[in-house]
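The residues making up each chain are set out below.
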Amino acid sequence: MAISRRRFFIGAASSAALPLIGGLAKAADPDAQFAHGVASGDPLQDRVILWSRVTQQDMSQMIDVRWTIASDPEMVNIVQSGWHLTGPDRDHTIKVDVTGLQPATTYYYQFDLPQGTTSMVGRTRTLPTGSPEHLRIAMCSCSNLPYGYFNAYKQMAKRADLDLVLHLGDYIYEYGDGQYGDIRSPLPAHEMLTLQDYRTRHGQYKTDVDLQAVHQQHPFINVWDDHEFTNDTWNGGAENHTEGEEGAWVERKQNAIRAFYEWLPIRQTDAEDKSRIFRQFALGDLADLTMLDTRFYGRSEQAPGIVSEIAKLVKDGLFNEEDMQRLTAKIDMETVEDESRSLLGAEQEDWLYQQLSSSNNNNTIWKLLGQQVMMGQLGFNNIGFNMDQWDGYKPSRQRFLDHITGKQSGEKIDNVVVLTGDIHSSWAMEVAENPYSSQQYDYVSGEGSVAVEFVTPGISSPGIPEEKLAVLAADAIKIVNPHIKYCNFFYRGYVVLDIKRDRIQADWFHVPTVDEPSDEEFHAKAYEVTNGRNRIEVVKSGPAENKANPPALVTAPFYLNQPAS
């Protein structure tokens, strides 16, 4: 039987192997380094993707890189190792899907080059099987480098007891220098359009020490939102794309997708279609995490919204019923209620219902939906303000609600928890068919709620930057949206989901500033949903307790004391 190139290299010493690769690869330059850190992602019960990138002066050559995975942070007890060939066709990034691992196990990994250069040691973890009692997931979104420092990433990196980090999109932003934030300058200085633009922007973000630190310590599950492409993307275009003047949309979209897969530790689920990013992760019988693409896979173009006009009313102190009626009358409800429009597309929608029904039939306790835009209503008298959210695609939301309430299939699905990013603010809400009707929803008891939704704030992207106005807006929103229990427009941060068999507690952690490097955070709010109740309750006792005796973090000498650059 022929021996594959990879099998040969796994069994050969690096000094003996290099002379045999001739024109395919060469030894890395003496100055080569792993300047963009390490990362891991898309963990399953028996595998995980390991990622890094080689940087050197001559970036035209193919380079062989060795990877090693071990059971200890000192990298003594080697579990597996091998070689990975990279080059300019993948921007010298390295992605290895390591299989044959044990479930619910923490591993440590490292990359090295034949001349002796080594990467930092990374730490990762596989998903559990069976009946786990307790998992902890950090969720985040909207990390805009020009708008400030990634102080929330630094805090997440310090948490030894996290099983994974869930990033719900807007991992990078497309804008040019000074177009959306001016605290740090993006590279390239212009808006991303070409493949090289997207690669360069990803590369710059990966040099941020706080982003490197959180990737080093925890496996990520990523999904894109619009800014990995450009603002308010849909299947056939985007608000921030001018066809012709900025090239062809189909080419720009392909550039963004290619760079995303190169620069992130994500597994391609469809060999024929890189645009399909929706997928599912099983966490034993405790939870299924279903990742959706509500951004562009099957999305119809957005109808016009009234967000800016609502914001002006709030700022002017004119947020009253008469003004709400006047503005919501402008919404094109014929488009919003058009059955032919879709947020998910028919293929993804059918797939989602199959996953939910399968989870239910398998007696999986929690059905977690990781997705981009807010599902719960945000409006007045059941007319939404923001047409980029599920409010702008009412038939899509109604079909989803019909499925989990059993109106179509007769199969009621409890314990659906929607996890959302995108909106640069913190929210906790109950999801009901019509939360504005006292006949269909009781805002005191929660009767009529069929799911719950937790929304993470931005890592650095702004909500409402004036604190007094942010408080005023949140209070006004809750008055006319009784299902919204918590809203904070001002602070950035992240959410920790503490998942047990009897309840999920969501803890919002905020950072005091992103204008400068900071090592501080504070616990802002906590809500929980109890198994079988489909409604949320405030937790007054503080954040959930950390796991006892978590696996050791790896040593990261630079990130605890050095500000992000």
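Residues numbered from 1 in each chain as written. Predicted model: local features only at pLDDT ≥ 70, side-chain atom pairs only at ≥ 80, totals over all residues. Heavy atoms only, no water.

(A) Main features of empty space enclosed by the protein. Tallied over the entire structure, the rule returns one cavity of 30 Å³ or more. In this structure, the largest cavity occupies an estimated 40 Å³ of space. Broken down by class, the residue content of the lining of the largest cavity amounts to six nonpolar, one polar and two charged. Residue-level mapping places the lining of the largest cavity at the junction of two domains, with at least three residues from each of domain 1 (30–128) and domain 2 (136–538). (1 Å grid on protein atoms, 1.4 Å probe; cavity = no way out; pocket = protein on both sides within 12 Å on 5 of 7 lines; lining within 4 Å. Points joined across faces, edges and corners; volume = space filled by probe spheres on them. Nonpolar A, V, L, I, M, F, W, Y, C, P; charged D, E, K, R; others polar. Domains from an automatic or database assignment.)

(B) How the structure looks around helix H7 (residues 307–315). Among all positions of H7, only Ile310, Leu313 and Val314 are buried. Projected down its long axis, H7 carries its buried residues within an arc of 100°, all on one side. Those residues of H7 that are exposed and aimed more than 90 degrees away from the buried face are Ser308, Lys312 and Lys315. Elements that come into contact with the buried residues of H7 comprise helix H8 (321–328) and helix H12 (467–480). At the C-terminal side of H7, glycine 317 shows a positive phi close to 70°. (Buried < 20%, exposed > 50% of the residue type's maximum accessible area, 1.4 Å probe, protein only. Helix = DSSP H or I, 4+ residues; strand = E, 2+ residues; numbered from the N terminus. Arc of directions from axis to C-beta. Contact = heavy atoms within 4.5 Å.)

(C) Molecular detail of the sheet that holds strand E19 (residues 426–432). The seven strands are arranged E13-E14-E15-E18-E20-E19-E21 in an open sheet whose pairing can be described as mixed. The open sheet is flanked by strand E13 (279–283) and strand E21 (484–488), the only strands paired with a single partner. Direction aside, neighbouring strands of the sheet carry axes that sit 20° apart on average. Note that E13 and strand E14 (residues 287–291) share five bridges and pair antiparallel. Directly across from leucine 283, in E14, lies its bridge partner alanine 287. In this fold H12 packs onto E19 and E21, with an angle of close to 165° to the strand it touches most, E21. (Pairing = 2+ DSSP bridges. Axes fitted to C-alpha atoms, helices over the stretch in contact; angles between N-to-C directions.)

(D) How the structure looks around the nonpolar core. Formed by 75 residues in total, the largest nonpolar core has its most connected members in Leu166, Trp366, Leu419, Phe454 and Leu497. For this core, the element with the most residues is helix H6 (residues 249–263), which contributes six residues. Filtering out sequence-adjacent residues up to four positions away, leucine 166 remains in contact with Ile137, Ala138, Met139, Cys140, Ile221, Leu289, Met291 and Leu419. Core analysis: the next-biggest nonpolar cluster, separate from the first, contains 31 residues, Phe319, Met333, Val336 and Leu469 among them. (Core = buried A, V, L, I, M, F, W, Y, C linked by side-chain atoms within 4.5 Å.)

(E) Structural context of helix H11 (residues 394–405). With 12 residues, H11 ought to run about 16 Å at 1.5 Å a step, and its terminal C-alpha atoms sit 16 Å apart, in line with that. Along H11, 10 of the 12 residues are buried, which leaves the element largely enclosed by surrounding structure. In this structure, the buried side of H11 is in contact with helix H9 (333–336), helix H10 (346–361), strand E15 (366–371), strand E18 (416–420), E19 and strand E20 (449–455). Of the residues flanking the end of H11, it is glycine 406, one or two places downstream, whose phi is positive at about 80°. (Expected span 1.5 Å × (residues − 1).)

(F) Molecular detail of the packing of helix H4 (residues 195–205) against H6. Following both chains from N to C, one finds H4 and H6 inclined at 35°, their axes separated by 8 Å at the closest point. Where H4 crosses over H6, the two elements pack in a sense that is right-handed. Counted together, Leu195, Tyr198, Arg199, His202 and Gly203 of H4 and Arg252, Asn255, Ala256, Arg258, Ala259, Phe260, Glu262 and Trp263 of H6 form the full contact between these two elements. Residues that form the contact of H4 with H6 fall into these classes: six nonpolar, three polar and four charged. (Left-handed = near helix turned anticlockwise from the far one by under 90°.)

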